Amino acid sequence: MKALLNPDVIRSLFSRAMSDMYRAEVPQYGALCSLVGQVNTGVLAGDSAMAQRMREEGQMDRLDVERHGAVRVGTAQELATMGRLFAVMGMQAVGYYDLSVAGVPVHATAFRPVDDASLDRNPFRVFTSLLRTELIADERLRRTAKSIIERRQIFTAGCLALIDRAEGQRGLSEDEAHEFVREALETFRWHAEATVDLKTYQQLRAAHPLVADIVCFKGPHINHLTPRTLDIDAAQAGMPAMGIQAKNSIEGPPTRAVPILLRQTSFLALEEPIRFLGEGGDEGTHTARFGEIEQRGCALTRKGRALYDLLLGKATEQSRSGVPIEQAMRNAFGEFPDSEAELHKEGLAFFSYEPNLRVAQQQVAPESASVFELVESGWLTLKPLTYEDFLPVSAAGIFRSNLGDSAQPEYQSQGNRSQFEAALGAKVLDEISLYEQTSKRSLAEALKALSRVAT
Ligand code: OOG
Ligand code: NI
């Protein structure tokens with residue numbers, strides 16, 4: 001029997017290859033990566049406790065690897081095959097994101113590793129959106145769009161064959177994995193030639209820039225990659241000096257002592273030359289590709305998430321009445337508790353638990369002690385669980401800032417998770433349940449370790 005690679009290894013090979021391709025294709029992304037590198041070095045030099053913690057947790061050597069990328073597909077078939085392709089790399093569909101509420105005619109999921117060890121080995125995930133053709137109002141245009149995307153094949157024959165093989169033999173050998181990465185990469189490559197004429201492109205673009213982006217090309221080019229920054233405020237402030245045009249504001253919660261969820265910002269998509277079909281080979285441009293950076297904080301419980309959404313709503317309301325959005329966010333989020341102890345006590349955030357065996361040896365915990373008492377008296381140490389997912393309102397902000405047009409249509413639409421799952425051919429996992437399980441497992445193990453000391 002031939003030896004099969006761990007899917008985490010295939011994911012690392014793939015994200016590396018994707019990063020190399022993107023840096024070569026989008027030089028500005030390379031500049032952003034250098035900026036992030038400088039900012040991260042500065043933060044670590046100034047905060048030796050953080051540097052120490054990251055070294056202990058083995059995070060240093062993965063600091064530079066990309067956290068996520070994004071693609072947009074056109075049909076159920078494309079989404080389902082995308083799901084199978086990512087499964088070869090140990091990535092599953094987590095979360096459902098409805099973007100129609102923000103005037104973007106797609107819904108989405110994130111393909112990502114789910115267990116801690118895999119996230120640790122390589123955190124790469126892909127935010128994957130599916131076009132909702134039913135949101136194209138004009139019926140003739142909708143039919144045009146559908147017939148174009150239904151005719152195309154975005155995966156190479158070699159890639160499809162290797163997905164089949166991986167499913168059949170439950171993995172890939174090293175040679176097969178290298179070939180798979182080469183073939184899979186083709187799907188994500190940029191094409192400077194459109195598959196339609198300029199007029200069709202313009203019509204689809206008028207329906208929504210995203211419709212044109214998804215429909216008019218040979219495949220779903222990777223539209224951004226996102227490294228991790230340790231100080232997103234500094235990175236945002238540093239962009240102009242590097243000649244990088246940053247998006248106006250950082251998406252997500254404001255700066256806090258204890259970071260929560262996800263903060264992200266991007267540089268604006270580049271206007272790139274495109275050749276269109278037709279006699280004269282019309283020339284035009286298209287904006288799709290950009291670079292993004294992210295900073296992750298702790299995962300919130302359902303209660304914490306409800307509070308986040310409530311305060312985000314308040315801030316949005318304030319900003320509609322003229323308060324700058326950053327100020328509005330700071331005003332609203334004053335109400336969100338900002339210490340680990342409070343977040344834990346009020347059940348707003350998820351934590352893992354470390355047993356403190358030295359304390360337990362000196363002083364045995366009373367049988368009846370609650371988890372909070374064990375934390376307060378030092379038997380258990382808290383560690384926030386990192387949020388590994390996305391935020392629909394932030395994602396919509398990232399989409400919008402990169403579409404060029406400021407006016408967004410208002411869709412009379414609800415999310416449609418079951419339609420998305422039918423297209424994918426599988427249910428998406430519930431992200432909050434994943435954090436819940438991790439937290440519970442860690443608590444059970446910590447309590448067991450403490451009780452072993454006690455006996
Ligand atoms: C995806 C935008 C969403 C994020 O980080 O929230 C996203 C896209 O533009 O296709 O990547
Ligand atoms: Ni992104």
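Everything below is about the structure printed above this text.
Quick caveat, the model's predicted, so the values are computed rather than measured.

## So, the side chain of Ser-118
On the secondary structure map, Ser-118 appears in helix H5 (residues 116–121). Ser-118 sits in the buried class, given a relative accessible area of 9%.

## Quick look at the packing of aromatic side chains
Inspection of every chain in the model, using the stated rule, returns 15 aromatic pairs. When the centroid spacing of 5.3 Å and the interplanar angle of 65° are considered together, the rings of Tyr-22 and Tyr-29 count as edge-to-face. For the pair Tyr-22 and Tyr-29, a shared accessibility class is recorded, and that class is buried. Between the aromatic rings of Tyr-387 and Tyr-435, the centroid separation amounts to 5.9 Å while the plane-to-plane angle is 35°, which identifies the pairing as tilted. Of this pair, Tyr-387 sits in the loop between strand E12 (380–384) and helix H17 (392–401) while Tyr-435 sits in helix H19 (residues 431–454); the two residues are 48 residues apart in sequence, bridging distant segments of the chain. Grouping residues by exposure puts Tyr-387 and Tyr-435 together as buried. Taken together, Phe-14, Phe-86, Phe-111, Phe-124 and Phe-188 form an aromatic cluster joined through their ring pairs. A cation over an aromatic ring shows up here: Arg-296 above the ring of Phe-390, its NZ or CZ 5.5 Å from the ring centre.

## Here we look at unusual backbone geometry
With a phi close to 60°, Arg-170 is a non-glycine residue in the positive phi region. Relative to the helices and strands, Arg-170 is located in the loop between helix H7 (157–169) and helix H8 (174–187).

## What about the sheet that holds strand E2 (residues 92–98)?
Backbone-to-backbone hydrogen bonds pair the strands of a sheet. The strands run either parallel or antiparallel. Spatial strand order, E2-E3-E4-E1-E6: five strands in an open sheet with mixed pairing. One side of each edge strand has no neighbouring strand; the edge strands of this open sheet are E2 and strand E6 (224–226). Adjacent strand axes in the sheet meet at a mean angle of 25°, parallel and antiparallel pairs treated alike. Where strand E1 (residues 68–73) lies against E6, three bridges are found, and the strand directions are antiparallel. Across the sheet, the residue bridging to Gly-69 is Leu-225, located in E6.

## Some points on the coordination of the nickel ion (ligand 2)
Protein coordination at the nickel ion (ligand 2) comes from His-68 (NE2), His-224 (NE2) and Glu-292 (OE), with a distance range of 2.1 Å. Counting gaps between the donor residues of the nickel ion (ligand 2) yields the pattern H-x155-H-x67-E. Linking His-68 in strand E1 with Glu-292 in strand E10 (residues 291–296), this pair joins segments that are 224 residues apart in sequence. Just as His-68 is buried, Glu-292 falls in that class too.

Conventions used here
Residues numbered from 1 in each chain as written. Chains lettered and ligands numbered in written order. Predicted model: local features only at pLDDT ≥ 70, side-chain atom pairs only at ≥ 80, totals over all residues. Heavy atoms only, no water. Helix = DSSP H or I, 4+ residues; strand = E, 2+ residues; numbered from the N terminus. Buried < 20%, exposed > 50% of the residue type's maximum accessible area, 1.4 Å probe, protein only. Phe/Tyr/Trp six-rings, centres within 6.5 Å; stacked < 30°, edge-to-face > 60°. Lys NZ or Arg CZ within 6 Å of the ring centre and 35° of its normal. Pairing = 2+ DSSP bridges. Axes fitted to C-alpha atoms, helices over the stretch in contact; angles between N-to-C directions. Donors = N, O, S within 2.8 Å, 3.2 Å for Na, K, Ca; no water.

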